[in-house]
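Survey of secondary and tertiary structure
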Amino acid sequence: MKLTSPWVLLAISGAVGVLGWVAAVLATRYSLNTPVLPLNGLITMGIIVVLTLILGLRVRRWRNGDKKKMLNPILAAWTLVLAQACAYTGSVLLGWHAGIFLDQLQLWNLRSDQTLAWTALAMAGGGLVMVGVGLMVERFCRIPPEDGDGEAAPGRPEPRKPKSEGEYAYRGD
């Protein structure tokens, strides 16, 4: 499975940021409430981050050989999926609330109450934490290659396999 690219997450965050900014502009224009999540959403984001981190540390401990019990492979796969979901969700939340915060910056001097701007900034920060933890835990779930499993370095020929009795001859001669 390929690792999640930070560039893809950045592109998602940018695209959703533009949508968040447009939504905030339209909400202001039509006197609607600005579409920002409430601050108690940070509690949910925090629970998801802590759960992802705990499961990721369990997988990393097993991978590094610190545990004697076999790790459940389904749990390891769920941890990887949770980490990727955490990274993508954080990217969306970061982009949406960063777009709303940029819209609120235009109104900073016109409003006396900046609660909405600070809420959007806090939610964007929570999204950034989710992205960071998701990418980190995803790397925890990566198993290092074993000796002999790696491919030859680019530009170098693959090492020859020795011929011995009872084995098939190597056809690279």
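Here is what the cut-offs are and how they apply
Residues numbered from 1 in each chain as written. Predicted model: local features only at pLDDT ≥ 70, side-chain atom pairs only at ≥ 80, totals over all residues. Heavy atoms only, no water. Helix = DSSP H or I, 4+ residues; strand = E, 2+ residues; numbered from the N terminus. Core = buried A, V, L, I, M, F, W, Y, C linked by side-chain atoms within 4.5 Å. Buried < 20%, exposed > 50% of the residue type's maximum accessible area, 1.4 Å probe, protein only. Contact = heavy atoms within 4.5 Å. Salt bridge = Lys/Arg side-chain N within 4 Å of Asp/Glu carboxyl O. Patch = residues over 30% accessible without salt bridge, like charges linked within 9 Å, V, L, I, M, F, W, Y side chains within 5 Å. Areas by Shrake-Rupley, 256 points an atom, 1.4 Å probe, with all protein chains shown as cover.

A word on the environment of Gly132
- Position of Gly132 among the secondary structure elements: in helix H4 (residues 115-140).
- Sequence separation of Gly132 and Val49 is 83 residues, and the distance between their C-alpha atoms is 9.5 Å.

Overview of the environment of Ile143
- Here Ile143 is to be found in the segment after H4.
- Sequence-wise, Ile143 and Arg60 are 83 residues apart; in three dimensions their C-alpha atoms are separated by 9.2 Å.

A look at the nonpolar core
- Membership of the largest hydrophobic core is limited to 10 residues, which are Met45, Val49, Ala83, Cys86, Leu93, Met123, Met130, Val133, Val137 and Phe140.
- When residues of this core are traced back to their parent elements, those giving at least two are helix H2 (41-63), helix H3 (73-106) and H4.
- Apart from the residues within four sequence positions on either side, Val137 is in contact with Thr52, Leu53, Gly56, Thr79 and Ala83.

Some details on the pattern of salt bridges
- Counted by the stated rule, this structure contains one salt bridge.
- Residues Glu138 and Arg139 are paired through a salt bridge, measuring 3.7 Å at the closest nitrogen-oxygen approach.
- Under the relative-accessibility criterion, Arg139 is labelled partly exposed at 34%.

Let's talk about a nonpolar patch on the surface
- Nonpolar side chains collect at one region of the surface, where Val18, Trp21, Val22, Leu26, Tyr30, Leu32, Leu102 and Leu105 lie side by side and expose about 770 Å² of accessible area between them.
- At the level of secondary structure, the elements contributing two or more residues to the nonpolar patch comprise helix H1 (6-29) and H3.
- In terms of residue count, the dominant contributor to the nonpolar patch is H1 (four residues).
- Residue position: Leu102 is located in helix H3.

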